Amino acid sequence: MESSEKGTPTEFGLKILQNLYPKSAPRAAQIQPHQTLHEEERFSQKEIDDIVKKIPYGKAPGYDGIDNIIVKVIFNSFPSVLLDFFNKCLELKFFPDPLKIGLVILFHKTGKEEQNIKSYRPISLLPTLGKLLQKLLLHIFNFHLKT
């Protein structure tokens, strides 16, 4: 495609799709412009309550040291704090970087050589708040896929 193409990024993307996949590419009339969030596209207190109730006790915290028990205590004492935080992330369309940082721990497999890298099983400990936000976003994503 010529680099001097005019138009919006959406139109340019549609041209690329139509050239690559002429039979299945959407037409410009099928693409709806991005809409701002509606009130029903905000997280509800019940959604957060359902997810917080399911987080297990006894799991290791992420690098931030915030244990699942602490998250439950915060939620039970100040439920609007998590609701406001998660809705602000949704409104800004932003997943905070600190919630993505994983702490990688290597566990030695029993009976294996200590000098061999394959003798270790890695796990990644992620911050609980990041896992909760991810679950909430998956609910919205799955809802939109179904509808």
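It should be emphasised that the depicted structure is a prediction, and the values quoted were computed from it without experimental measurement.

Chemist: Is there a simple way to think about helix α4 (residues 79–92) in this case?
Modeler: For an α-helix, 3.6 residues make a turn, and residues three or four places apart therefore share a direction. Its 14 residues give α4 an end-to-end C-alpha distance of 20 Å, which sits within 8% of 20 Å, the value for a rise of 1.5 Å per residue. Residues of α4 that are buried: L82, L83, F86, N87, C89 and L90. Taken down its axis, α4 places every buried residue within 155° of arc, on the same side. Check the buried side of α4 and you find it contacts α2 (45–54), α3 (68–77) and α5 (128–146). Among the residues trailing α4, K93 stands out with phi positive, at a value near 55°.

Chemist: Would you take a moment to explain a positive patch on the surface for this structure?
Modeler: Taken together, the side chains of K54, K59, K131 and K135 make up a positively charged region of the molecular surface. Following the sequence through the fold, K54 ends up in helix α2.

Chemist: Explanation requested: the nonpolar core in the structure shown.
Modeler: Soluble globular proteins tend to bury their nonpolar side chains together. Ranked by internal contacts, the top residues of the largest apolar core, which has 17 residues, are F43, I48, V52, L82, F86, L129 and L132. Counting only elements with at least two residues in this core, the list comes to α2, α3, α4 and α5. Per-element tally for this core: the top contributor is α4, with five residues. Leave out the neighbours within four places in its chain, and L82 touches I48, V52, V71, F75 and L129.

Chemist: Looking at this structure, I do not really get the pattern of salt bridges. What am I missing?
Modeler: Side-chain pairing between opposite charges can occur once the charged atoms of the two side chains come close. The final tally for this structure, using the stated rule, is four salt bridges. Across the salt bridge formed by E91 and K88, the nearest N and O atoms sit 3.5 Å from each other. With E91 and K88 both in helix α4 and three residues apart, the pair spans about one turn of that helix. Residue E91 is classed as partly exposed on the basis of its relative accessible area, which comes to 39%. Residue classification places K88 among the partly exposed positions, given a relative accessible area of 41%.

Chemist: Explanation requested: the packing of aromatic side chains in the structure shown.
Modeler: Describing an aromatic ring pair means giving the distance of the ring centres and the angle of the ring planes. All told, the structure shown has one aromatic pair when counted by the stated rule. Sitting over the face of the ring of Y57, K72 holds its NZ or CZ atom 4.3 Å from the ring centroid.

Chemist: Explain unusual backbone geometry to me, please; I cannot follow it from the model alone.
Modeler: Note: most peptide bonds trans; most residues except glycine with negative phi. For K93, which is not glycine, the phi dihedral falls at a positive 55°. When you line up the elements, K93 lands in the loop between α4 and β1 (103–108).

Chemist: Where do I start with the packing of α2 against α4 in this structure?
Modeler: To characterise two packed helices, one gives the angle between the axes of the helices and the distance between these axes. It is at 10 Å that the axes of α2 and α4 come closest, and there the two elements cross at 105°. One finds that α2 runs roughly perpendicular with respect to α4. Contacts between α2 and α4 pair Q45, I48 and V52 from the former with P79, S80, L82, L83 and F86 from the latter. Among the residues forming the contact of α2 with α4, the class breakdown is six nonpolar, two polar and no charged.

Rules used in this analysis
- Residues numbered from 1 in each chain as written.
- Predicted model: local features only at pLDDT ≥ 70, side-chain atom pairs only at ≥ 80, totals over all residues.
- Heavy atoms only, no water.
- Helix = DSSP H or I, 4+ residues; strand = E, 2+ residues; numbered from the N terminus.
- Expected span 1.5 Å × (residues − 1).
- Buried < 20%, exposed > 50% of the residue type's maximum accessible area, 1.4 Å probe, protein only.
- Arc of directions from axis to C-beta.
- Contact = heavy atoms within 4.5 Å.
- Patch = residues over 30% accessible without salt bridge, like charges linked within 9 Å, V, L, I, M, F, W, Y side chains within 5 Å.
- Areas by Shrake-Rupley, 256 points an atom, 1.4 Å probe, with all protein chains shown as cover.
- Salt bridge = Lys/Arg side-chain N within 4 Å of Asp/Glu carboxyl O.
- Lys, Arg positive; Asp, Glu negative; His and termini not counted.
- Charge placed at Lys NZ, Arg CZ, Asp CG, Glu CD.
- Core = buried A, V, L, I, M, F, W, Y, C linked by side-chain atoms within 4.5 Å.
- Phe/Tyr/Trp six-rings, centres within 6.5 Å; stacked < 30°, edge-to-face > 60°.
- Lys NZ or Arg CZ within 6 Å of the ring centre and 35° of its normal.
- Axes fitted to C-alpha atoms, helices over the stretch in contact; angles between N-to-C directions.
- Parallel < 35°, antiparallel > 145°, perpendicular 65-115°, else oblique.
- Nonpolar A, V, L, I, M, F, W, Y, C, P; charged D, E, K, R; others polar.

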